[in-house]
Amino acid sequence: MTEEERNRIISEDYTELIVDYRNNPQYLEAFPGAMVQIINNIFAVVHLPVEQIEISRIGTFGYTAIPNVLGLVSEVSVQASRIPELRRISALNLRGEGTLVAIIDTGIDYTNPVFLRPDGTTKITAIWDQTIQSVDRFPYNTNFGTEYRAEEINQALASANPLEVVPSTDDNGHGTMMAAVAAGNEVLDEGFAGVAPDAELVVVKLRPAKENLKNYLSIPEDVLCYQEDTIMWGIQYCFLLSRELGRPMVICIGLGTSQGAHEGRSPLAVMMNVLGDFPNIAFVTAAGNEGNTGRHYRGNIDPQIGYNTMELIVGEEDKGFFMEIWGDMPGIYSIDILSPSGEFIPRIAASLTLNRIISFIFEETIIYIYYQTVEAETGDQLIFLRFRNAAPGIWRFNVYSQSDLTGGFHSWLPMGDMISRDTYFTQPDIYTTLLSPGTVDVPITATAYNPIGGNLYAGASRGYTRNNMLKPDLAAPGVDYIAPNNHKEFVSYTGTGVAAAHITGIAAMLMEWGTVRGNRPNLNTIEIKKFLIRGARRSANLVYPNRDWGYGILDIYNMFDILRQEQ
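Source: prediction; values computed, not measured. (Residues numbered from 1 in each chain as written. Predicted model: local features only at pLDDT ≥ 70, side-chain atom pairs only at ≥ 80, totals over all residues. Heavy atoms only, no water.)

**Notes on the nonpolar core**
Leu 532 and Phe 560 are the most contacted members of the largest nonpolar core, which has 98 residues in total. Considering each element in turn, this core owes the most residues, twelve residues, to helix H11 (residues 496-516). Dropping the residues within four chain positions of it, Phe 560 is found in contact with Leu 86, Leu 92, Leu 94, Leu 510 and Trp 513. Within the second largest apolar cluster, 37 residues are counted, among which are Val 204, Ile 251, Met 272 and Phe 283. (Core = buried A, V, L, I, M, F, W, Y, C linked by side-chain atoms within 4.5 Å. Buried < 20%, exposed > 50% of the residue type's maximum accessible area, 1.4 Å probe, protein only. Helix = DSSP H or I, 4+ residues; strand = E, 2+ residues; numbered from the N terminus. Contact = heavy atoms within 4.5 Å.)

Right under this line is the structure:
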């Protein structure tokens, strides 16, 4: 690949499409003149000039080809999962030895003592920093970023100024926290202990989403988020590194998006499902923190009435945002719109595909509307709306269905900091708020609870998925969790991302027991998930699985106790 072609990967003048080509290179010939990168034998990334696709990205290339944008999903203790109790049994003193824990996130403060061995050397096997460009230091066939292996990190740690040798940092702190929770050293004075402190770390520092994609989706400039394709590259890197080193790996994704049908069918979802079935690979991800934000609406449509009215309150600061409406089969859906000032847009009839720009006179608002009656991955109908200069106040949408059967639709707003808390549905539904990739079948999806009092985290996203797949899987500690930040301070974190990091450490312990010690060689994600589900603590007052707790509270000691009783 030439230097000019590599520059396209990071250039704001180019944007990306994710193409499912299924090992058929002829399919990629549909993009003449484009620069194509092959991730694996399923997916490729196509880089095209922004001006070629800016207006009709979805209409021309389909919804799933446009990378989703994922944000961070975290803002106590190892005792809650009964890890110390387990380690008091000499045969089960599991600390993650011989395993790799991969954190795909904001990077890591590799100089923090929680990531150092007693002799001062690093516990980090490799860092792939996607934000530092090099001519030939990128790993495998990625063609961007810079990789640093343990030897070079140790050279940096031994130098007077480590960042002059390995300039990779974590400016946010989220990735440092996730890595510490999963595999950090014990710090008694701070009451902190990583779950699998003898595991080694693999870190992918993601390249932030391009401004051209953020502008398309009206994501605020100061919001940190990441493109789906760069996360997929991170996963492929971790998978190949695990194979190169011949060591089992647990990959943690502490990110999420409210985009998509919430059925686990995005390119990232497909990739995680496929690789999660491989031996000695496990995926853990977070449910999300959208349960009490008011950003999901479920509308049921009685065929005798023919429509359902959805009200959306738009806050003063949310001038631009997107909204998705996904209709249930077999209905065909259409909308009309009433603005806060009373300006009415009559019903926009459904068609196989439709692109329309709606301009409002009094509000000076513009809404770009896209209909896709049969979305490629789900077969269901998508209505995608992008707001520009949105007027504050109450917007009303009548959603119509042409069907003789009772059906309905789901609607979602952006997640996290991509929109303010002042924009929400007046009658929201707390369920079906799981973020992707937490809606994916194979990975272990973590929700969060507070070990002090045993209550579910109020902000946690709830299941099930839109197609009623049983998610989340398990609850782990994730409220007021003390962990290090990127300034070497110990602070309190809350969110399902923390819970995902906790379960990642537990999964590494199981990998040590099964693969490294030979008790159950070649464990994969599904097997680890089933083991953990069997040991989960469940309340006699609840029916399991359920949309809040999944299969119950993580309890690694109980899991091994059950295995002992079955022998």
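**Things to note about unusual backbone geometry**
Each neighbour pair has its own omega, and for Met 329 with Pro 330 the value is 0°, a cis peptide bond. Turning to its location among the elements, Pro 330 is positioned in the loop between strand S15 (321-327) and strand S16 (333-338). Each neighbour pair has its own omega, and for Lys 471 with Pro 472 the value is 0°, a cis peptide bond. Looking at where Pro 472 falls in the secondary structure, it is placed in the loop between strand S25 (455-456) and strand S26 (474-477). Even without being glycine, His 262 reaches a positive phi, approximately 60°. Relative to the helices and strands, His 262 is located in the loop between strand S11 (255-256) and helix H10 (267-275). Residues other than glycine seldom take positive phi values, yet Thr 432 does so here, at roughly 55°.

**Quick word on the packing of helix H9 (residues 228-245) against H10**
At their nearest, the axes of H9 and H10 sit 9 Å apart, and the two run at 15° to each other. Considering the angle they form, H9 stands roughly parallel to H10. Every pair of crossing elements has a handedness; the one defined by H9 and H10 is left-handed. Across the interface between the two elements, Glu 228, Ile 231, Met 232, Ile 235, Gln 236 and Phe 239 from H9 touch Pro 267, Leu 268, Met 271, Met 272 and Leu 275 from H10. Here the contact of H9 with H10 is composed, by residue class, of nine nonpolar, one polar and one charged. (Axes fitted to C-alpha atoms, helices over the stretch in contact; angles between N-to-C directions. Parallel < 35°, antiparallel > 145°, perpendicular 65-115°, else oblique. Left-handed = near helix turned anticlockwise from the far one by under 90°. Nonpolar A, V, L, I, M, F, W, Y, C, P; charged D, E, K, R; others polar.)

**Digging into the pattern of salt bridges**
Summed over all chains, the structure comprises 23 salt bridges. For Arg 247, the salt bridge is made with Glu 200, and the minimal N-O distance between the two is 3.2 Å. Of this pair, Arg 247 sits in the loop between H9 and strand S10 (249-253) while Glu 200 sits in strand S8 (residues 200-205), and the two are 47 residues apart along the sequence. Under the relative-accessibility criterion, Glu 200 is labelled buried at 19%. Each of the salt bridges in this network shares a partner with another, and the network as a whole consists of Glu 263, Arg 265, Arg 298, Asp 328, Asp 380 and Arg 466. (Salt bridge = Lys/Arg side-chain N within 4 Å of Asp/Glu carboxyl O.)

Any functional reading would require information beyond the geometric quantities listed.
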